[in-house]
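Okay, here's what each chain looks like letter by letter:
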Amino acid sequence: MAKPPTRDRVNPEIIDTTPHRRPSWIRVKAPTGETYQWLENLMRTKTLHTVCEEAGCPNMGECWGSGTATFLMLGDVCTRSCGFCDIKHGKPEPLDYEEPERVAQAVRAMNLKHAVITSVDRDDVPDGGAKIFAMVIRRIRELQPGCSIEVLIPDFKGNLDSLRLVMDARPEILNHNLETVPRLFKKVQPQDHYEWSQAVLTNAKLMQPEVLTKSGIMVGLGETMDEIKAVMDDLRSWGVNIITIGQYLQPSRRHLPIERYYTPDEFEELRQYGYEIGFDWVESAPLVRSSYHAAEQVRALSQVYQALYRKGL
């Protein structure tokens with residue numbers, strides 16, 4: 001009998017996962033307000049999931065309060081068990097090909113100017129869910145012209161046919177997060193491979209040069225500053241335009257512990273380094289997450305957006 005899906009990642013009886021006291025510069029506000037309540041109800045009535053809720057994003061109150069959200073597709077159960085992630089792991093339900101329509105309808109109901117679409121990993125299906133990503137991009141463009149689209153995709157195990165399905169739909173931003181440095185991959189995300197991420201990011205740029213590529217890193221899991229900068233160098237060599245760097249925050253005692261908190265000065269050092277080596281946009285601060293200021297990035301940098309909507313549509 002299959003085990004039920006679980007959010008647990010590590011056993012606190014084996015690994016000391018006692019949380020550290022948070023420093024003064026990390027303060028997360030609880031989500032409140034009429035707009036937040038309206039969005040929460042909208043998500044439930046359309047049977048939708050958001051990564052804001054499932055991953056316990058620290059910016060959920062800020063983003064939902066201003067009327068934006070990041071949609072989580074392909075169900076709410078992941079086939080991988082990354083040690084930092086608060087999304088349930090286990091055996092997922094079959095893919096729902098009506099989901100793109102519901103997401104697009106929600107984007108229109110919210111009157112979004114920028115939509116961020118991400119997903120769980122679906123290693124149980126041949127294309128990893130790539131077809132559904134392409135469907136939702138095209139349907140949002142039909143229902144909400146003028147809304148820019150960012151997709152935060154899995155690595156698809158480096159499958160270029162799956163990647164091409166997504167890239168042919170031409171999102172404004174193709175995002176795929178490395179999450180950590182190569183030395184910590186097996187500890188932090190044991191089913192992932194650095195080479196798969198490299199294949200996604202380098203080939204996305206080759207397939208659609210005008211689509212912005214983006215990646216994100218968490219810090220505080222045991223990496224060094226030199227290792228972070230080496231990963232930033234790799235990402236630039238792969239043609240990545242935008243990078244986000246934020247502090248890892250432990251979801252529970254059954255997740256990987258925080259090794260240390262980085263200071264605002266250290267985040268500023270990484271921000272400056274990113275611009276020095278040629279990134280077009282760098283977000284680096286304790287509470288930065290991958291969709292932070294995404295709309296601003298599109299308006300400032302996206303050739304795809306300008307080509308689609310330069311007439312003011």
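Summarised in this report is the structure supplied together with it. Worth saying up front: this structure is predicted, and the values here are computed from it rather than measured.

Topic: the overall build of the chain
- A tally of helices and strands in the chain yields 12 helices and 10 strands.
- For the chain, the residues scored as buried account for 55% of the 313 residues in total.
- With an accessible surface of roughly 14000 Å², the chain has 51% of that area assigned to carbon and sulfur atoms.

Focus: helix 6 (residues 160-167)
- If you check which residues of helix 6 are buried, you get Ser162, Leu163, Val166 and Met167. Burial along helix 6 is one-sided: seen end-on, the buried residues are contained in an arc of 135 degrees.
- Structurally, helix 6 contributes buried residues whose contacts are with helix 5 (130-143), strand 6 (148-152), strand 7 (173-175) and helix 8 (194-207).
- With a side-chain oxygen positioned 2.8 Å from the backbone nitrogen of Asp161, the residue opening helix 6 is Asn159.

What about the pairing of strand 8 (residues 212-219)?
- Judged by how many residues are buried, strand 8 sits mostly within the fold: 8 of 8 residues are covered.
- Direction of pairing for strand 7 relative to strand 8: parallel, over a ladder of 3 bridges. Opposite Asn175, over in strand 8, you have Lys214 as the bridge partner.

Points about the packing of helix 4 (residues 99-110) against helix 5
- One can describe the packing of helix 4 onto helix 5 by two numbers: an axis separation of 8 Å at closest approach and a directional angle of 35 degrees. Between helix 4 and helix 5 the crossing geometry is right-handed. Across the interface between the two elements, Glu99, Pro100, Glu101, Val103, Ala104, Gln105, Val107 and Arg108 from helix 4 touch Ile132, Met135, Val136, Arg139, Ile140 and Leu143 from helix 5.
- Each residue belonging to the contact of helix 4 with helix 5 can be placed in one class, and the counts come to 9 nonpolar, 1 polar and 4 charged.

Regarding helix 5
- Here helix 5 is 14 residues long and its end C-alpha atoms lie 20 Å apart, about the 20 Å a rise of 1.5 Å per residue gives.
- Of the residues making up helix 5, those classed as buried are Ala130, Ile132, Phe133, Ala134, Val136, Ile137, Ile140, Arg141 and Leu143.
- Looking at the buried positions of helix 5, the neighbouring elements they touch are strand 2 (70-73), helix 4, strand 5 (114-119), strand 6, helix 6 and helix 12 (303-309).

Observations regarding the state of the cysteines
- The final tally for this structure, using the stated rule, is 0 disulfides.
- The cysteine Cys78 is free of any disulfide, with Cys82 supplying the nearest cysteine sulfur at 6.5 Å.
- Under the relative-accessibility criterion, Cys78 is labelled buried at 10%.

Notes on the environment of Ile15
- Along the chain, the position of Ile15 falls in the segment before helix 1 (34-45).
- In this structure Ile15 comes out as partly exposed when scored by relative accessible area, which is 35%.
- Taking C-alpha positions, Ile15 is 9.6 Å from His255, a pair spaced 240 residues apart along the chain.
- Not counting the four nearest positions on each side in its chain, Ile15 is found in contact with Val10 and Pro257.

Details of the environment of Glu223
- Within the secondary structure layout, Glu223 lies in the loop between strand 8 and helix 9 (225-237).
- Measuring from C-alpha to C-alpha, the distance between Glu223 and Glu259 comes to 8.8 Å, with 36 residues separating the pair along the chain.
- A distance of 2.7 Å separates a polar atom in the side chain of Glu223 from the backbone nitrogen of Gly220.
- Here the side chain of Glu223 touches Leu221 through a polar contact of 3.1 Å, landing on its backbone nitrogen.

Quick look at the nonpolar core
- In terms of nonpolar packing, the biggest core is built from 77 residues, with Ile117 and Leu235 touching the most fellow members.
- The next biggest cluster of nonpolar side chains, apart from the first, holds 7 residues, and it includes Ile173, Leu212, Tyr305 and Tyr309.

Conventions used here
Residues numbered from 1 in each chain as written. Predicted model: local features only at pLDDT ≥ 70, side-chain atom pairs only at ≥ 80, totals over all residues. Heavy atoms only, no water. Helix = DSSP H or I, 4+ residues; strand = E, 2+ residues; numbered from the N terminus. Buried < 20%, exposed > 50% of the residue type's maximum accessible area, 1.4 Å probe, protein only. Areas by Shrake-Rupley, 256 points an atom, 1.4 Å probe, with all protein chains shown as cover. Arc of directions from axis to C-beta. Contact = heavy atoms within 4.5 Å. Polar contact = N/O pair within 3.5 Å; in protein donor to acceptor, adjacent residues only side chain to side chain. Pairing = 2+ DSSP bridges. Axes fitted to C-alpha atoms, helices over the stretch in contact; angles between N-to-C directions. Left-handed = near helix turned anticlockwise from the far one by under 90°. Nonpolar A, V, L, I, M, F, W, Y, C, P; charged D, E, K, R; others polar. Expected span 1.5 Å × (residues − 1). Disulfide = S-S within 2.5 Å. Core = buried A, V, L, I, M, F, W, Y, C linked by side-chain atoms within 4.5 Å.

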